[in-house]
Amino acid sequence: MILPPGRRAPDFSLNSTPDQKVSLSEFLGRSVILAFYPADWSPVCGDQMALYNEVLPEFKRLGGELLGISVDGIWCHLAFGKDRKLRFPLLTDFEPKGAVAQAYGVYAPESGTTGRALFVIDPKGIIHWSYLSPVGVNPGADGILAALESIH
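These figures come from a predicted structure and were not determined experimentally. (Residues numbered from 1 in each chain as written. Predicted model: local features only at pLDDT ≥ 70, side-chain atom pairs only at ≥ 80, totals over all residues. Heavy atoms only, no water.)

Let's talk about the side chain of Asp 122
1) Next: Here Asp 122 shows up in the loop between strand E8 (116-121) and strand E9 (127-133).
2) Next: Buried and unpaired, Asp 122 has no salt bridge, with Lys 124 as the nearest side chain of opposite charge at 6.2 Å.
3) Next: A distance of 2.8 Å separates a polar side-chain atom of Asp 122 from the backbone nitrogen of Lys 124.
4) Next: Once residues lying within four places of it in the same chain are set aside, the contact partners of Asp 122 are Arg 30, Ser 31, His 128 and Ile 151. (Helix = DSSP H or I, 4+ residues; strand = E, 2+ residues; numbered from the N terminus. Buried < 20%, exposed > 50% of the residue type's maximum accessible area, 1.4 Å probe, protein only. Lys, Arg positive; Asp, Glu negative; His and termini not counted. Salt bridge = Lys/Arg side-chain N within 4 Å of Asp/Glu carboxyl O. Polar contact = N/O pair within 3.5 Å; in protein donor to acceptor, adjacent residues only side chain to side chain. Contact = heavy atoms within 4.5 Å.)

Dropping the structure here:
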């Protein structure tokens, strides 16, 4: 079950580069968007992350920091991010595989990937909005934007 609004967001620390980690707790006092996605290089994921890259200035204007998360390895993330010119971190939920996705209720054990899920976490670390999209559907940015607008 995907974690619902009103629950404290589970903290995590995941690699954004081979030697740098990003922790959710670093963002207390700011809103955070967690975009869980199944896999780098898949067509829907590529379109979704490209859209978020374009909408990133609007997310930031509304006080949102965007973090992409999948079970792909760090080198895959770095190549994908560079190829797509992404201006936000991709975090690797690689080992133990899918542990953060499991904590948020969005790990898909049958495929070994992360579900396509979105969370907007308020500045106090509470889930304000969550959404699980069908894996083959790009959920777009409207829900994220509406959730960010309703926080402030």
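A word on the pairing of strand E1 (residues 13-17)
1) Next: Within E1, four of the five residues are buried, which leaves it mostly tucked inside the rest of the structure.
2) Next: For E1 and strand E2 (residues 20-23), the ladder comprises four bridges, and the chain directions are antiparallel. Considered in E2, the bridge of Leu 14 is made with Val 22.
3) Next: Once E1 ends, the chain turns through two residues before running back antiparallel as E2. (Pairing = 2+ DSSP bridges.)

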